[in-house]
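The chain contents come next:
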Amino acid sequence: MTNSRTSRTIAEFVSYLKSLDVEVFVKGNYDESLDNLRLRCTAPEGVLTSELRQELTDRKIELILYLRSSQMRSIQPTSTIQPITQENTQKKIFPLSFAQQRLWFLYQLAPNNPFYNIPTAIRLTGNLNQTALERSFQEIVHRHAALRTRFTTLEGEPVQIIESIGNVGASLANISAIRAEETASKPTRTELTIVDLRTVAVNDRERVSQQLATIEAQRPFNLTTDSLLRVTLLQFAPTESVLLLTMHHIVADGWSLGVLIRELAECYTAFVERRSPTLPPLPIQYTDFALWQRNRLQGEILEKQIAYWRKQLQDLPVLELPSDRPHPAVQTYRGATYPLQLSPKLTQALENLSQASGVSLFMTLLAAFQTLLYRYTGQEDIAIGSPIANRHRSEVEGLIGFFVNSLVMRSDLSGNPRFSELLERVRNVTLKAYEHQDVPFEKLVEELDPDRDLSRNPLFQIALALQNAPMQPLELPGLTLKPTPLESGTTRFDLEVHLWEPAHGLRSLWPSQEGLSGFISYSTDLFDRDRIGRLIGHFQTLLEGIVANPNDRLSDLPLLTPTERQQILWEWNQTDTQSTTDRCFHHIFAAQVQSAPEAIALVSEQGSFTYKELNQRAERLAHTLHQMGVQPNSLVGLCVDRSADMVIGILGILKAGGAYVPLDPSYPSDRLHFMVRDTQVSIVLTQSWLVESLPTSQGKKVCLDQPLPLNLELETSQNSVTPDNLAYVIYTSGSTGTPKGVLLTHRGLCNVVEAQQNVFYLSRNSRILQSSSLSFDASIFEIALALGSGSTLYIPPKSAQLPGTALIQFLADHAITHALLTPAVLAVLPSAKLPDLQVLITGGETCSSQVVDRWAADRRFFNAYGPTETTIWATVAELSPGNNPLTIGRPILNTQIYILDSNLNPVPAGIPGELYIGGAGLAQGYLDRPELTAERFLTNPLWD
């Protein structure tokens, strides 16, 4: 079911030619190549209009392929549809077609929803004859029984009731009266509602017209009591009006709208010229089709068709298209539209590619859009719904009624094929679908009985339609007509892509030399408008890449627009600074010592230390380690409680040239034993009360709470440490396998300090909380935050190291200004004012909006993100209450962030992919695991 202006399939086109006594045939052997085959046709004199000749030329390849198909006979009509006998006609009560039955069922669920309205707005400029206009619609309603139809339930079954000509609009309360024979007493009076807007200012007419058109489009029908064609004329001036036509989908479709407009032109012209319209008689009415369909689609014919679809749609996956919001529990059908326009040059290139590939333009567009969805989702099994006119019988071609059907085009995109290969797959799928098009979509859903999900449409959530049925331009005496954009405010699918070929479809009523045009209708529950705008840009870029290089693999086709590419690859990664590249972390600390030696550097249960005192303790330890053989890149274990010894141990190891390995004393002994064995550390710095719990090893143990040898000089230790030497080795959690030691350098750690200064509003008066365990790299982040800025680091006692009232009291008593606390801690931490806490940093796990709303109200709140392999953090976002969604922000200084798909292509904003990080913070790799490099090299050709 769709209200789309649908395309005429090749099967329908062949049937149409046959109805005109036009015979098409192929000259040459069918087993020859396409280059050796020639299409020929014979036709009665005068039948081949210029439009029909053009369509034969445009669809030559399709016709040859179709005629060559061995299944052609199975999809051609085998019998004509007969009109109902006069005896049955008098009853006026008929069963519903399968499509109508589905719509009636949906109507029962949501009777006041307008999402099955078919609205159209046409601007009329010139001298309008209102009487002729009204008589024209009366004639059309008189001619088409579908427009005189009401729907109700009789003996538990839905039925359609055709009003006799004189009783359109009569009450349905008395079913027995409707069953009786009725005699038409006078012609039907179809009401033309006129809205007088002559007082509206000229500058406001467009806005008012749009508002009223939307209101009319959203006004629901009562299928039991209302006329299902509404005609409204917005009259702004004697020579300026807007005609609003609204039909319900249960009695019409997109093709029907073309029939109505075409007959309106003939009737209006005839009445203006004071003559009778010369419309050919209709061979049948819609009710004839409904009865024929129900009688035909049963038994072997139905089972053969259903068997194909049952196999074709087996295990059909749900398309997980990225959206701005998740699907609501129940569809609301709220929607909007976004215009789409392709250039004439691109349109011609697509037509040329289609002809050269032996496919239709629709097949090329379908393959291209499925490629877009593949690039968006990474899914290789993609189904799209496609509406077809379903009028391949000449008897129904001129009827107003609900004939349109939907076919599920399921394509296999596995193996990253070349686009030309995918095009061949899509062609085969499409032709097979056309061969089995007789099963109404509604019947297919009933037979397949997929799992019901009120948040989604069954079988497919995205539709693509191309209108290419030729239509004559509409001309009315004394009037100029122009289509008016209309926003109905509804949609039935997540996305609906509607395209028209130049000089086709409803737009062909006003001839244009433009290229392919149309719009995307989208669910506003799921998508924001700017996302749809980006999607259209990606689709156009993809199409341009396809026509330029149709033999490229799907992953190699361009997706990003030039502006996006510049933004994503360069502008968003312009983070380089003129960093001091020859410094190590202990050099930054030494500069703070020299600048303010008496400033307080550290406060803990062990007392307060000035920068000078802390430096002296670290120097003494560095001398000890140096004499014990520590050199650049030597690994030294550090197993201490959170205390001043932890900071002294880190600084001493770095000053000696070594790299520290954090060994959290709270870890299980098995894990500590693994890390000691894996790193083969020869020295472990610890505290005397922890010695017995350390793993047995050959390494030496130095207790930091015991005096170091007194015969050591306190002059500055000398070493040849460079920024590329290791600063520390920290182990991953092992959640994806065996824990791995990550090799982090001074360069990365110094970059952390520089980035912190750039983001977190630090000064010498800042007071930094040290709350993280030694086993997490957040601990060195906190130490760097304080010692890199010349401020003070506060280590709480054990009683305040867990989230609770004691921690809150510690923050308040020491007027802490900066703290890093995980979302899990913030979620359970008691509420408190804490006016001195100016900056709160979180990270390590997903942060909820509740945490942000609670803790970001009175301070700056930052979400810092980064894997261990990128020296603690790589991105940062400042969050505020009410932010949705919450993000990880943008790259920090000297860091590049790229989100890539599985083929290493950058993905557009809002599309999921894998995060790739480069820059100064990137680790050297994993300890003793050269096959598991932390760096994923991104080659220059990717970005050129």
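Conventions adopted
- Residues numbered from 1 in each chain as written.
- Predicted model: local features only at pLDDT ≥ 70, side-chain atom pairs only at ≥ 80, totals over all residues.
- Heavy atoms only, no water.
- Helix = DSSP H or I, 4+ residues; strand = E, 2+ residues; numbered from the N terminus.
- Buried < 20%, exposed > 50% of the residue type's maximum accessible area, 1.4 Å probe, protein only.
- Contact = heavy atoms within 4.5 Å.
- Areas by Shrake-Rupley, 256 points an atom, 1.4 Å probe, with all protein chains shown as cover.
- Salt bridge = Lys/Arg side-chain N within 4 Å of Asp/Glu carboxyl O.
- pLDDT = per-residue confidence, 0-100.
- Polar contact = N/O pair within 3.5 Å; in protein donor to acceptor, adjacent residues only side chain to side chain.
- Axes fitted to C-alpha atoms, helices over the stretch in contact; angles between N-to-C directions.
- Parallel < 35°, antiparallel > 145°, perpendicular 65-115°, else oblique.
- Left-handed = near helix turned anticlockwise from the far one by under 90°.
- Patch = residues over 30% accessible without salt bridge, like charges linked within 9 Å, V, L, I, M, F, W, Y side chains within 5 Å.
- Core = buried A, V, L, I, M, F, W, Y, C linked by side-chain atoms within 4.5 Å.
- Disulfide = S-S within 2.5 Å.
- Pairing = 2+ DSSP bridges.
- Nonpolar A, V, L, I, M, F, W, Y, C, P; charged D, E, K, R; others polar.
- 1 Å grid on protein atoms, 1.4 Å probe; cavity = no way out; pocket = protein on both sides within 12 Å on 5 of 7 lines; lining within 4 Å.
- Points joined across faces, edges and corners; volume = space filled by probe spheres on them.
- Expected span 1.5 Å × (residues − 1).

The subject of this paragraph is the overall build of the chain. When helices and strands are tallied, the chain shows 27 helices and 34 strands. Buried positions account for 56% of the 944 residues belonging to the chain. Look at the contacts in the chain between residues 6 or more apart in sequence, and 72% of them connect residues 24 or more apart. Of the roughly 40,700 Å² of accessible surface on the chain, a fraction of 49% belongs to carbon and sulfur atoms.

A full pass over the atoms with the stated rule returns 32 salt bridges. Notably, a salt bridge pairs Glu55 with Arg59, separated by 3.1 Å at the nearest N-O pair. Here Glu55 falls in the buried class, since its relative accessible area comes to 4%. For the salt bridge of Arg334 with Asp525, the shortest nitrogen-to-oxygen distance reads 2.9 Å. Remark: Asp525 occurs in the loop between β16 (517-523) and α17 (529-548) and Arg334 occurs in the loop between α12 (299-312) and β10 (335-341); sequence separation between them is 191 residues. The buried category is assigned to Asp525, whose relative accessible area is 12%. Ionic contacts of the salt-bridge type, sharing partners, join the residues Arg123, Arg205, Glu206 and Glu240 into one network.

Next up on the list: the confidence of the model for the chain. In low-pLDDT segments, the atomic positions of the prediction should not be examined closely. The predicted model of the chain averages 86 in pLDDT, with 88% of residues at 70 or higher. Predicted confidence is poor over residues 30-34, with pLDDT under 50, and the contacts of this stretch with residues over four places away or in other chains come to 8 contacts.

With respect to the helices and strands, Tyr916 occurs in strand β33 (residues 914-919). Separated by 12 residues in the primary sequence, Tyr916 and Leu904 place their C-alpha atoms 9.4 Å from one another. Separated by 3.4 Å, the side chains of Tyr916 and Glu914 make a polar contact.

Okay, the packing of helix α7 (residues 130-143) against helix α10 (residues 254-272) next. Running from N to C, α7 and α10 point in directions that differ by 130°, and their axes come no closer than 8 Å. Viewed along their axes, α7 and α10 adopt a mutual orientation that is oblique. Considering how the two elements wind past one another, α7 and α10 form a crossing that is right-handed. Contacts from Ala132, Leu133, Arg135, Ser136, Phe137, Glu139, Ile140 and Arg143 of α7 reach α10 at Leu260, Glu263, Leu264, Cys267, Tyr268, Phe271 and Val272.

Attention shifts here to a nonpolar patch on the surface. Residues Tyr865, Ile888, Ile899 and Leu915 make up a contiguous nonpolar surface patch of about 290 Å² in total accessible area. A relative accessible area of 33% means that Tyr865 is categorised as partly exposed.

Turning to the side chain of Arg531, a few remarks are in order. Note that Arg531 resides in helix α17. Residues within four places of Arg531 in sequence aside, it is in contact with Pro322, Ser323, Asp324, Gly910 and Ile911.

We now examine the nonpolar core. Soluble globular proteins tend to pack their nonpolar side chains together in the buried interior. Residues Trp309, Phe369, Phe419 and Leu495 are the most contacted members of the largest nonpolar core, which totals 88 residues. Take this core: its biggest share by element is 12 residues, from helix α14 (residues 361-377). Membership of the second largest hydrophobic core comes to 69 residues, among which are Ile588, Ile648, Ile683 and Leu704.

What follows is about the state of the cysteines. Inspection of every chain in the model, using the stated rule, returns 0 disulfides. Here Cys584 is not cross-linked by a disulfide; its sulfur's nearest cysteine counterpart is in Cys750, at 6.1 Å.

What follows is about the sheet that holds strand β3 (residues 93-95). Pairing within the open sheet is antiparallel, and its 3 strands lie in the order β3-β6-β5. Whereas interior strands pair on both sides, the edge strands pair on one side only; in this sheet they are β3 and β5 (149-154). In this sheet, neighbouring strand axes are inclined to one another by 40° on average, regardless of whether the strands run parallel or antiparallel. Direction of pairing for β3 relative to strand β6 (residues 157-162): antiparallel, over a ladder of 3 bridges.

Across the interface, helix α19 (residues 585-595) lies against helix α21 (residues 644-655) with an axial gap of 9 Å and an inter-helix angle of 115°. Classified by the interaxial angle, the pair formed by α19 and α21 is roughly perpendicular. Every pair of crossing elements has a handedness; the one defined by α19 and α21 is left-handed. Residues Phe585, His586 and Phe589 of α19 form the contact with α21, whose own contacting residues are Leu651, Leu654 and Lys655. Partitioning the contact of α19 with α21 into residue classes produces 4 nonpolar, 1 polar and 1 charged.

Right, let's get into empty space enclosed by the protein. Per the counting criterion, the structure on display carries 12 cavities of 30 Å³ or more. The space that makes up the largest cavity amounts to roughly 120 Å³. Forming the boundary of the largest cavity are Phe289, Trp292, Gln293, Arg296, Leu297, Asn390, His392, Arg393, Val396 and Asp438. Of the residues in the lining of the largest cavity, the class split is 4 nonpolar, 3 polar and 3 charged.

Here helix α6 (residues 98-109) spans 17 Å end to end across 12 residues, near enough to the 16 Å set by a 1.5 Å rise per residue. Phe98, Ala99, Gln100, Arg102, Leu103, Trp104, Leu106 and Tyr107 are the residues of α6 that are buried. Those residues of α6 that are buried are in contact with β5, β6, β9 (240-248), α11 (286-296) and α16 (441-448).

This part takes up the sheet that holds strand β14 (residues 479-483). Strand order in the open sheet formed by 5 strands is β7-β8-β9-β4-β14, and the pairing between neighbours is mixed. Looking at strand neighbours, the two that pair on one side only are β7 (192-196) and β14, the edges of this open sheet. Strand-to-strand twist in this sheet, taken as the mean axis angle between neighbours without regard to direction, amounts to 25°. Pairing analysis gives 5 bridges linking β7 to strand β8 (residues 229-237), with the strands arranged parallel. Bridge assignment links Leu192 to a residue of β8, and that residue is Val231. Each of β7, β8 and β9 touches α7; the most contacted strand, β8, lies at about 170° to it.

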